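If you want the building blocks of each chain, they are given just below.
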Amino acid sequence: QVQLVESGGGLVQAGGSLRLSCAASGSTFNTYAMGWFRQVPGKEREFVAGITWNSGSTSYADDVKGRFTISRDNAKRTVNLRMNSLKPGDTAIYFCAASRRVQLTSTPSGYTYWGQGTQVTVSS
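Since this is a predicted model, take the numbers as computed values, not measurements. (Residues numbered from 1 in each chain as written. Predicted model: local features only at pLDDT ≥ 70, side-chain atom pairs only at ≥ 80, totals over all residues. Heavy atoms only, no water.)

**Observations regarding the state of the cysteines**
What is meant by a disulfide is a covalent connection between two cysteines, made through their sulfur atoms.
Right, so step 1: Counting across every chain of the model gives one disulfide.
Right, so step 2: Cys22 shares a disulfide with Cys96; S-S distance 1.9 Å. Note on the Cys22 and Cys96 pair: the S-S dihedral is about 45°, so by sign convention the disulfide is right-handed. Highlighted residues: Cys22 in strand S3 (residues 18-25) and Cys96 in strand S9 (residues 92-99), separated in sequence by 74 residues.
Right, so step 3: In this structure Cys96 comes out as buried when scored by relative accessible area, which is 0%. (Disulfide = S-S within 2.5 Å. Helix = DSSP H or I, 4+ residues; strand = E, 2+ residues; numbered from the N terminus. Buried < 20%, exposed > 50% of the residue type's maximum accessible area, 1.4 Å probe, protein only.)

And the structure:
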């Protein structure tokens with residue numbers, strides 16, 4: 001079992017940056033692929049970025065490519081999302097999630113464990 005706790009959300013102006021962190025408990029963290037998703041009220045949860053268990057592969061949603069960077073530190077059991085050049089459209093609750101799948105998936109159903117989320121608000 002893996003428990004996930006996100007932090008680092010907040011209010012930022014358009015063009016600014018934030019760094020989200022996700023702390024995991026559980027000795028098997030380094031066997032899971034990790035993902036970041038986001039959700040706004042009334043819309044489905046959408047994939048933002050993912051990283052394989054050994055950081056060998058990453059994947060990004062098209063609208064965050066070149067602006068967001070996902071990374072992980074298995075020794076510290078953390079996964080981070082660096083978000084630059086933020087836009088008002090990035091406003092959402094951001095969730096980290098853990099997947100048992102070897103290959104990255106952008107589908108929420110492919111992830112087994114979820115954090116409670118952290119709010120990111122980008123003002124114009």
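**What about the nonpolar core?**
Right, so step 1: Leu4, Met34, Trp36, Leu81, Met83 and Tyr94 are the most contacted members of the largest nonpolar core, which has 30 residues in total.
Right, so step 2: Of all the secondary-structure elements, those providing two or more residues to this core are S3, strand S4 (33-39), strand S5 (46-51), strand S7 (68-73), strand S8 (78-83), S9 and strand S11 (118-123).
Right, so step 3: Contact partners of Tyr94, with chain neighbours within four places excluded, come to Glu6, Leu20, Trp36, Phe37, Arg38, Val48, Phe68, Leu81, Met83, Gly117, Thr118 and Val120. (Core = buried A, V, L, I, M, F, W, Y, C linked by side-chain atoms within 4.5 Å. Contact = heavy atoms within 4.5 Å.)

**Considering the environment of Lys87**
Right, so step 1: The topology assignment puts Lys87 in the loop between S8 and S9.
Right, so step 2: Classification of Lys87 as partly exposed rests on a relative accessible area of 44%.
Right, so step 3: Here the alpha-carbon distance between Lys87 and Gly15, two residues 72 residues apart in the chain, equals 6.4 Å.
Right, so step 4: With near-sequence residues (within four places) excluded, Lys87 lies in contact with Arg67 and Val122.

**Observations concerning the packing of aromatic side chains**
Right, so step 1: Applying the stated criterion across every chain, the model contains six aromatic pairs.
Right, so step 2: Considering the side-chain rings of Tyr32 and Tyr113, the 5.9 Å spacing of their centres and the 70° angle between planes classify their relative orientation as edge-to-face. Placement of the pair is Tyr32 in the loop between S3 and S4 and Tyr113 in strand S10 (residues 113-114), with a sequence separation of 81 residues.
Right, so step 3: Of the residues examined, Tyr32 reaches a relative accessible area of 6% and is grouped as buried.
Right, so step 4: The class of Tyr113 is buried, set by a relative accessible area of 14%.
Right, so step 5: Each residue in the set Phe37, Phe47, Phe95, Tyr111 and Trp114 is aromatic and connected to the rest through ring pairs, giving one cluster.
Right, so step 6: Stacked on the ring of Phe95, the Lys or Arg Arg45 has its end atom at 3.8 Å from the ring centre. (Phe/Tyr/Trp six-rings, centres within 6.5 Å; stacked < 30°, edge-to-face > 60°. Lys NZ or Arg CZ within 6 Å of the ring centre and 35° of its normal.)

**Focus on the pattern of salt bridges**
Right, so step 1: The final tally for this structure, using the stated rule, is five salt bridges.
Right, so step 2: Residues Arg38 and Glu46 are paired through a salt bridge, measuring 2.6 Å at the closest nitrogen-oxygen approach.
Right, so step 3: Note on Arg38: relative accessible area 3%, which makes it buried.
Right, so step 4: Judged by its relative accessible area of 38%, Glu46 is partly exposed.
Right, so step 5: The salt bridge involving Lys65 is made with Asp62; its shortest N-O contact spans 3.3 Å.
Right, so step 6: The class for Lys65 is exposed, based on a relative accessible area of 51%.
Right, so step 7: Put simply, Arg38, Glu46, Asp63, Arg67 and Asp90 are held in one network by salt bridges that share partners. (Salt bridge = Lys/Arg side-chain N within 4 Å of Asp/Glu carboxyl O.)

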